There are 2 protein chains.
Amino acid sequence: MSSLAMVQCSRRSLPVAAALIGRFRFQCQQRWCSGPAKVRGKYARVTDADVHHFRSLLGESNVLTGRQNVGPYNVDYLKHVSGESGLVLKPKTTKDVSEILKYCNGRNIAVCPQAGNTGMSGGSVAMFDEVVLSTQRMNSIINFDPVSGVLVCQAGCVLESLMNHVESHGYMMPLDLGSKGSCQIGGNVSTNAGGIRVIRYGTLQGCVLGLEAVTADGTILDCVNTMRKDNTGYHLKHLFIGSEGTLGVITKVAILCPRLPKHVNIAFIGLDSYDKVLQLFSIARAEFGETLSSFELMDNVTVTCVEKNLQLQCPIANTYQFYVLIELASSRPNVGQHMENVLEKALDDSVIADATTSDQTSNINKIWKIRESGIDALLKLGYVYTFDLSIPLKQFYEIVELTREKLKDVADCKIVSGFGHIGDSNLHLNIVTSRCDEELTQLIEPFVYGWTSKCGGSVSAEHGIGSAKTHYLKYTKSVQAIDLMRRLKNTMDPKCILNPYKVIPTATADVAVRGDQ
Amino acid sequence: MSSLAMVQCSRRSLPVAAALIGRFRFQCQQRWCSGPAKVRGKYARVTDADVHHFRSLLGESNVLTGRQNVGPYNVDYLKHVSGESGLVLKPKTTKDVSEILKYCNGRNIAVCPQAGNTGMSGGSVAMFDEVVLSTQRMNSIINFDPVSGVLVCQAGCVLESLMNHVESHGYMMPLDLGSKGSCQIGGNVSTNAGGIRVIRYGTLQGCVLGLEAVTADGTILDCVNTMRKDNTGYHLKHLFIGSEGTLGVITKVAILCPRLPKHVNIAFIGLDSYDKVLQLFSIARAEFGETLSSFELMDNVTVTCVEKNLQLQCPIANTYQFYVLIELASSRPNVGQHMENVLEKALDDSVIADATTSDQTSNINKIWKIRESGIDALLKLGYVYTFDLSIPLKQFYEIVELTREKLKDVADCKIVSGFGHIGDSNLHLNIVTSRCDEELTQLIEPFVYGWTSKCGGSVSAEHGIGSAKTHYLKYTKSVQAIDLMRRLKNTMDPKCILNPYKVIPTATADVAVRGDQ
C-alpha cells in the first residue's frame with residue numbers, strides 16, 4: 001500500500017507536527033523525552049495483508065491509512081508529542097475490538113488505544129508505528145436507570161453528551177472536565193480522570209460500578225456490574241481504571257450518577273496569604289459540609305495573567321495575593337444565604353479580604369471561566385513547564401515559592417504561578433520560560449519532583465503517567481510497586497502489545513530512586 | 001512440641017467447636033461445604049523447629065500453640081466453620097509480618113490472615129492446619145491530619161477505637177458496622193466491608209487512599225498514599241481491597257474521613273406495599289439529596305419477629321407490610337423540619353401510612369437497634385439460611401415472595417423474611433428452617449442464586465466469598481473473570497500460601513455456570 005509506505009518508524013520531529021496541526025504554541029519535545037530514549041520494540045510492521053484483513057473486518061471506511069487521514073490521530077491534545085502510526089482502526093462493537101486485538105496479538109503488532117485524545121501526558125498517541133485503535137464510533141448509550149441513577153454506555157461516548165443525557169433525567173455525571181466536549185468516557189475511566197468536583201463526588205474509582213474490557217489476546221472481560229455493592233472476588237475493574245490502556249481496552253462502562261442539585265451558588269474570594277486560604281478551607285469544610293462541591297485556588301500571578309492576556313475580568317479587585325472559588329450545590333434552597341453569612345463573618349474576622357457571590361448561571365460560568373483559563377493565559381507568554389502534583393495542604397503553596405526563589409536569577413524563566421484544586425490537594429505549578437531545553441528541564445524537573453516526593457506527594461495527581469512521565473514514576477512509586485506493575489503487565493499482556501512505552505518505565509535505572517529521596 | 005501434636009488435619013466436626021465456644025445456635029456445616037469437598041493442599045506441616053523460629057522472632061507470648069490457646073482463633077464469628085490451626089502468630093510490625101511470610105513461603109507453609117474475625121463468609125478461619133496470622137497487636141494509630149481528614153493507622157486497629165479517635169477531631173469513619181466493637185480496619189479493607197452508610201459515603205474502594213501490604217514472599221509493598229488524587233500508574237491498592245487476604249496481608253491503611261455531621265435526624269415509616277417503598281425512595285433521593293445517609297428496609301415478618309423474640313418495641317403500630325428507616329445527616333440545622341414536611345406530604349399523598357421522627361440520640365439508637373436485630377431475632381427460631389444479595393431495585397423484594405411461594409409446602413421452612421439496604425440495592429433474604437441439610441440446601445441455594453444471576457445481581461453484596469461461597473462465585477463472575485483472578489493469584493502468590501481454599505473456586509466445574517443462566 002502506498003499510504004503505508006509513507007510511514008517511518010523514527011520519531012517525527014515536532015515542527016512537522018506543528019505545521020500539520022499547529023494551533024497552540026508548542027513546548028519543545030525534549031521535556032517529554034527526558035530520561036532514557038525510547039527504542040522501538042521488536043513488533044511486526046503492518047503489511048498490506050494486515051490492512052486488507054482489517055478492511056474486511058470493519059469495512060473500508062473504518063480503516064484509515066495515509067498521512068492526511070491518520071495525521072490528526074498522531075498528535076496529542078497539547079501538541080506535545082507526535083506518533084508515526086500509519087493505520088487507524090475504528091471498531092463499532094466489543095466483538096470488533098476483540099477481533100482486532102486477537103489478530104494483533106497473534107501477529108505481534110503493537111496497538112495504541114485512543115479515546116478522545118485529550119490526555120495531558122501523551123498516553124493516547126503512538127510512540128512509533130503502533131496501530132491506533134480509536135473508540136470514536138463506540139458511542140451508544142446502552143441504558144440509564146432513573147431509579148438507581150446507573151448509566152451503562154459504550155466507551156466512546158463523549159462526556160458532554162452523557163451529561164446532557166442524564167441531566168434530562170434529573171441526574172449529573174460525577175465528573176466534569178474542561179475537555180468534556182471531546183473527551184470520551186472510556187478515556188476518562190482509563191486515565192482515572194479527576195476534574196473540578198472530586199472533593200464532592202470522589203474519584204472514578206468510587207463511581208464506576210463496572211466495566212467491560214478486552215485484554216491483549218482478545219478476551220472479552222464482562223465486569224459490567226450495575227449494582228452499588230458487589231463483593232464477589234477480586235475487583236477486576238480497578239485493573240483498568242487508571243492503567244491508561246496498558247492492561248486492556250475498556251469497551252463499556254457502568255457509572256453511578258448523583259442527582260442534579262437544585263441549587264448552585266458560587267463565591268469568588270480575595271485573601272492576603274496562603275495561611276488564610278487554609279483557614280477559609282477549614283471554615284468551608286465545617287460550615288458547608290456535604291454541600292461543598294469545589295474549593296479552587298489561584299494565585300495573583302495567575303489571575304493577573306488571565307486578565308491581561310485573555311481580557312477576562314476578575315469579578316473583585318485584583319489586589320490580593322490569592323483567590324478562592326467556592327461552589328456549593330444542594331437540594332435545599334437556603335444554601336446561598338448560608339454562604340453569604342459565613343463569608344460575612346470571615347470578612348469581619350479578617351480571614352478573607354473581599355468576596356462576591358452569585359446563583360445566576362451566567363455569572364457562575366464567567367467565574368469558572370477565570371479559573372479554567374489559567375493555562376491558556378500562561379501559554380500566551382511562552383513555553384510552559386506545567387506540573388500536576390498532589391501535595392499535603394500545609395506545604396501546598398511552598399513549592400511555588402521555592403521554585404520562584406530557585407529560578408529568580410534565571411533570565412529565561414519569566415513567571416512562576418500556581419493554581420489548582422485545594423479541596424483535593426492538587427496543585428498545578430507552572431513555569432513560563434522563553435526557551436525549553438534539556439538544561440532548563442534538568443534545572444526544574446528533578447527539583448520539583450524531588451521535593452514532591454520528599455513531602456509524600458504524587459508526581460501525577462490526575463493527568464496520569466502516559467509517555468511523558470515514565471521516567472518520574474519512581475518519585476512516587478516504590479521499587480516494589482513498579483516491579484509488581486511490571487509483573488501484572490507481563491501476566492495480562494505477555495507480548496506487551498497494548499500501549500507499549502507508556503506508564504511503566506523501561507529502563508532499570510528508572511525504578512530505583514524513591515528510596516533515595 | 002506436645003501442643004502441636006494435638007493438631008489433626010482433618011476438619012473438626014462442629015459439635016466440638018460448639019462445645020468449645022458455644023454461644024449461638026449453629027447452622028449445620030454442610031451449607032458451607034456445598035460444592036466439591038475441599039482437599040488439603042500439599043503444604044508443609046508445622047514442626048517444632050518452625051515454632052522455635054517464630055518464638056525467637058516474635059517473643060514467646062506472641063506465638064500461641066495448644067488447643068485451648070488456639071481454639072478461639074479457629075471458629076468464625078457466626079460459629080459456622082471451624083479450622084484446625086495449631087499455631088497463631090501475633091506480629092506487631094510490618095517487618096514481623098514480612099519475616100513470617102518470607103519464612104512460610106520458603107517452607108511452603110499455608111497462612112490464614114485474621115483480623116477481628118467478624119467476617120460472615122468464613123474467610124478468616126483456617127480450613128485445615130494453616131498458621132493463623134493475627135493482626136490483633138498491630139493496633140497503633142500512626143497519624144490523623146485534622147486539615148485533610150486523613151487517618152493513617154495499622155491494620156489491627158479496632159473500628160470503634162478509630163471512630164472515637166477521629167470523632168474527637170470532628171470527623172467520622174466513612175463506614176459503620178454492627179461488629180464495630182471487634183472488627184479491625186485491616187479486615188474491613190480486606191473484605192471491602194459495606195455497612196449502613198454506603199449510600200452516603202460510598203464503598204471503601206473510594207475512601208481508602210492508600211495502604212501497605214505484605215505479599216506472599218514477604219515483600220513489603222508501600223502504597224500508603226495520603227493524597228486524595230494519585231494517578232501514578234496502576235492503582236495497586238485495589239488488588240488488596242476485597243481480595244480477602246489471598247493476595248497479601250494488609251498492614252497499614254490510609255483512609256479519608258468525612259466531617260462529623262452536626263445534625264442527625266431519623267424517621268421510622270410504615271408502608272403498605274413494596275411499590276410505595278420505591279416511590280418513597282425516589283422522593284427521598286430527590287428531596288433529601290446530599291443529606292440522605294441511610295434508607296433501610298424491613299418487611300413485616302422481620303419486624304414482628306424482632307418484637308416477639310427480642311422484646312424490642314416497634315415505634316409505630318406493627319400493622320404495615322413494610323418499614324423504612326431513613327437517616328439524614330447534615331451540617332445545617334433545618335434538615336429535621338424538612339424531613340417532617342416531606343413525610344407529611346407523603347402521608348397526604350398516601351405514599352406512606354405512618355411515621356415517627358426523632359433527632360434525639362437515645363431514640364435514634366433505639367430505632368437502629370430494631371433494624372440491626374433482624375438476624376438475631378430470626379436465629380431464635382431455628383436455623384437461618386441467610387443471603388447477602390445485590391438485586392436491582394425493581395426486583396428487590398420479588399425474590400422474597402418467590403422464595404416464600406416456593407417453600408410454602410415445605411414443612412421444615414418456617415419463615416421467609418427480607419430486610420436490607422435499599423439505598424445500596426442490598427437485600428438480606430433469610431429463610432428460617434427447623435433442619436439444615438443438603439436436601440434443603442439444594443432446594444434453596446441454586447434457586448436463589450440462579451434468580452439473582454438472571455436479574456444481573458450479585459451473590460455477595462458485602463460479605464465476600466470467603467470459604468462459604470467459592471462454589472457460587474460463578475453465578476456472578478464470568479469464566480473469563482474467574483480465570484483472570486486465578487492468573488493474578490498465581491502471579492502474586494505462586495505457591496498459594498496465602499489464605500488458600502478461599503475466594504477462588506478450586507474445581508473446574510465451578511467456573512462454567514454463569515453463561516448458562
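Residues numbered from 1 in each chain as written. Chains lettered and ligands numbered in written order. Predicted model: local features only at pLDDT ≥ 70, side-chain atom pairs only at ≥ 80, totals over all residues. Heavy atoms only, no water.

Asker: What's the story with the overall build of chain A in this structure? I'm lost.
Answerer: Broken down by element type, chain A carries 18 helices and 16 strands. Its C-alpha atoms give chain A a radius of gyration of 23 Å, near enough to 24 Å, the size a compact globule of 517 residues would have. Principal axes of the C-alpha set define a box for chain A whose edges measure 75 × 60 × 45 Å. Scored against the burial criterion, the 517 residues of chain A give a buried share of 63%. Within chain A, counting contacts between residues at least 6 apart in sequence, those at least 24 apart form 75% of the total. By element, 50% of the accessible surface of chain A is carried by carbon and sulfur atoms, the whole surface being about 17800 Å². (Helix = DSSP H or I, 4+ residues; strand = E, 2+ residues; numbered from the N terminus. Rg over C-alpha atoms; globule rule 2.2 N^0.38 Å. Buried < 20%, exposed > 50% of the residue type's maximum accessible area, 1.4 Å probe, protein only. Contact = heavy atoms within 4.5 Å. Areas by Shrake-Rupley, 256 points an atom, 1.4 Å probe, with all protein chains shown as cover.)

Asker: Please clarify how helix H6 (residues 159-167) of chain A should be interpreted in this entry.
Answerer: Residues and elements named next belong to chain A. Residues Leu-159, Leu-162, Met-163 and Val-166 constitute the buried set of H6. Viewed along the axis of H6, the buried residues span an arc of 105 degrees, placing them on a single side of the element. Where the residues of H6 are buried, they touch strand E5 (141-145), strand E6 (150-154) and helix H7 (185-190). (Arc of directions from axis to C-beta.)

Asker: Sorry if this is basic, but what is going on with the interface of chain B and chain A here?
Answerer: You'll often see interface size given as the accessible area lost when the parts meet. Contacts between the two partners involve 87 residues from chain B, matched on the other side by 87 residues from chain A. Taking both sides of the interface into account, the surface hidden between chain B and chain A amounts to around 7000 Å²; carbon and sulfur atoms contribute 53%. For the pair chain B and chain A, the number of links is eight salt bridges. Close ionic contact of Glu-462 of chain A with Lys-229 of chain B constitutes a salt bridge, the shortest N to O distance being 2.8 Å. Across the chain B-chain A interface, the total number found is 54 residue pairs in polar contact (both at pLDDT 80 or more). (Buried area = accessible area lost by both parts, 1.4 Å probe. Salt bridge = Lys/Arg side-chain N within 4 Å of Asp/Glu carboxyl O. Polar contact = N/O pair within 3.5 Å; in protein donor to acceptor, adjacent residues only side chain to side chain.)

Asker: What exactly am I supposed to notice about the environment of Phe-144 of chain A here?
Answerer: Residue and element names in this part refer to chain A. Along the chain, the position of Phe-144 falls in strand E5. Phe-144 sits 272 residues away from Val-416 along the chain, and the two C-alpha atoms are 45 Å apart. Setting aside anything within four residues of it in sequence, one finds Phe-144 in contact with Gly-149, Val-150, Leu-151, His-165, Val-166, His-169, Tyr-171 and Cys-257.

Asker: Would you explain the packing of aromatic side chains in this entry?
Answerer: For any pair of aromatic rings, geometry is given as the distance between the ring centres together with the angle between the planes. Inspection of the entire model under this criterion finds 30 aromatic pairs over all chains. Look at Tyr-274 of chain A and Tyr-397 of chain A: their rings are 6.1 Å apart centre to centre, the planes differ by 25 degrees, and that puts the pair in the stacked class. You can see Tyr-274 of chain A sitting in helix H11 (residues 274-288) and its partner Tyr-397 of chain A sitting in the loop between strand E14 (383-390) and helix H16 (398-406), a full 123 residues away along the chain. Just as Tyr-274 of chain A is buried, Tyr-397 of chain A falls in that class too. With a centroid separation of 4.5 Å and an interplanar angle of 35 degrees, the aromatic rings of Tyr-449 of chain A and Tyr-472 of chain A are classed as tilted. With Tyr-449 of chain A in helix H17 (residues 438-454) and Tyr-472 of chain A in the loop between H17 and helix H18 (479-492), the pair connects residues that are 23 residues apart, well separated along the chain. Clustering of aromatic rings is evident, with ring pairs tying together Tyr-274, Phe-322, Phe-396 and Tyr-397 of chain A. Sitting over the face of the ring of Tyr-171 of chain B, Arg-259 of chain B holds its NZ or CZ atom 4.9 Å from the ring centroid. Lys-406 of chain B extends its terminal NZ or CZ atom over the ring of Phe-447 of chain B, reaching a point 4.9 Å from the ring centre. (Phe/Tyr/Trp six-rings, centres within 6.5 Å; stacked < 30°, edge-to-face > 60°. Lys NZ or Arg CZ within 6 Å of the ring centre and 35° of its normal.)

Asker: Teacher, can you tell me more about the relation of the copies chain B and chain A here?
Answerer: Taken together, a rotation about one axis and a shift along it account for how the two chain copies relate. Note on the identical chains: chain B maps onto chain A by a rotation of 180 degrees and an axial translation of 0.0 Å, with an RMSD of 0.0 Å. The superposition of one copy onto the other is thereby described by a two-fold rotation axis. In terms of C-alpha distance to the rotation axis, chain B has Gly-206 of chain B as its closest residue, with the C-alpha 2.1 Å off the axis. Mapped onto chain A, 100% of the interface residues of chain B again fall at the interface, so both copies present the same surface. (Least-squares fit on C-alpha atoms with pLDDT ≥ 70 in both.)

Asker: Would you mind showing me how to read the side chain of Asn-225 of chain B here?
Answerer: Residue and element names in this part refer to chain B. The topology assignment puts Asn-225 in the loop between strand E8 (220-223) and helix H10 (237-240). Within the structure, Asn-225 has its side chain in polar contact with the backbone oxygen of Leu-209 (distance 3.1 Å). Apart from residues lying up to four places away in sequence, Asn-225 is in contact with Leu-209, Gly-210, Asp-230 and Ala-254.

Asker: Any chance you could explain the pattern of salt bridges here in plain terms?
Answerer: Pairs can form between side chains of opposite charge once their charged atoms are near each other. In this structure the tally under the stated criterion is 44 salt bridges over all chains. Residue Asp-412 of chain A pairs with Arg-435 of chain A through a salt bridge whose shortest N-O separation is 2.4 Å. One end of the pair, Asp-412 of chain A, is in the loop between H16 and strand E15 (413-421); the other, Arg-435 of chain A, is in the loop between strand E16 (426-433) and H17, with 23 residues separating them in the sequence. The exposure class of Arg-435 of chain A is partly exposed, given its relative accessible area of 24%. Salt-bridge contacts for Lys-180 of chain B lead to Asp-176 of chain B; the nearest nitrogen and oxygen are separated by 3.2 Å. Residues joined by salt bridges that share partners form a network here, namely Asp-176, Lys-180, Arg-197 and Glu-327 of chain A.

Asker: Can you help me understand a negative patch on the surface in this one?
Answerer: All names here are of chain A. Taken together, the side chains of Glu-340, Glu-344, Asp-348 and Asp-359 define an acidic patch exposed on the protein surface. By the secondary structure assignment, Glu-344 is in helix H13 (residues 335-348). Overall, Glu-344 belongs to the partly exposed group, its relative accessible area being 47%. (Patch = residues over 30% accessible without salt bridge, like charges linked within 9 Å, V, L, I, M, F, W, Y side chains within 5 Å. Lys, Arg positive; Asp, Glu negative; His and termini not counted. Charge placed at Lys NZ, Arg CZ, Asp CG, Glu CD.)

Asker: Looking at this model, I keep getting lost on the pairing of strand E11 (residues 292-299) of chain B. Mind explaining?
Answerer: The side chains of a regular strand alternate, first on one face of the sheet and then on the other. Residue and element names in this part refer to chain B. Burial analysis of E11 places eight of its eight residues in the buried class, which makes it a mostly covered element. Alignment of E11 against strand E12 (residues 322-330), held across seven bridges, turns out to be antiparallel. From the neighbouring strand, Leu-292 faces E12, where its bridge partner is Leu-328. In this structure, E11 lies alongside strand E15 (residues 413-421), joined through three bridges in antiparallel fashion. Counted as the bridge partner of Glu-296 is His-421 from E15. (Pairing = 2+ DSSP bridges.)

Asker: Would you explain the nonpolar core in this entry?
Answerer: As a rule of thumb, soluble globular proteins bury nonpolar side chains together. Formed by 88 residues in total, the largest nonpolar core has its most connected members in Met-173, Ile-185 and Ile-255 of chain A together with Met-173, Ile-185 and Ile-255 of chain B. In this view, Ile-255 of chain A contacts Gly-149, Val-150, Leu-151, Met-173, Pro-174, Ile-185, Leu-204, Cys-207, Val-208 and Leu-209 of chain A; residues no more than four positions away in its chain are not counted. (Core = buried A, V, L, I, M, F, W, Y, C linked by side-chain atoms within 4.5 Å.)

Asker: Help me out: how do you make sense of the sheet that holds strand E4 (residues 131-134) of chain A in this one?
Answerer: Two orientations exist for strands paired in a sheet by backbone hydrogen bonds: parallel and antiparallel. All names here are of chain A. With respect to topology, four strands assemble into an open sheet ordered E1-E2-E4-E3, the strand pairing being mixed. Taken across any chain shown, the strands that pair with only one partner, and hence form the sheet edges, are strand E1 (63-65) and strand E3 (111-114). Within the sheet, the average angular offset between the axes of one strand and its neighbour, ignoring direction, is 25 degrees. Here E1 runs beside strand E2 (residues 87-89); their pairing, made up of three bridges, is antiparallel. Its bridge partner being in E2, Thr-65 is matched across the sheet by Leu-87. The sheet contacts of helix H3 (residues 48-58) involve E1 and E2, and relative to E1 the element is tilted by about 145 degrees. In the packing of helix H5 (residues 94-107) onto the sheet, the strands contacted are E2, E3 and E4, and the crossing angle to E4 comes to about 165 degrees. (Axes fitted to C-alpha atoms, helices over the stretch in contact; angles between N-to-C directions.)

Asker: Explain the sheet that holds strand E7 (residues 208-214) of chain B to me, please; I cannot follow it from the model alone.
Answerer: Residue and element names in this part refer to chain B. Reading across from one edge, E5-E6-E9-E7-E8 is the order of the five strands in this open sheet, with antiparallel pairing throughout. Each edge of the open sheet carries a strand with a single partner, namely strand E5 (141-145) and E8. Along the sheet, successive strands turn relative to each other by an average axial angle of 10 degrees, direction set aside. In terms of strand pairing, E5 meets strand E6 (residues 150-154) through four bridges, oriented antiparallel. Bridge pairing links Phe-144 to Leu-151 in E6.

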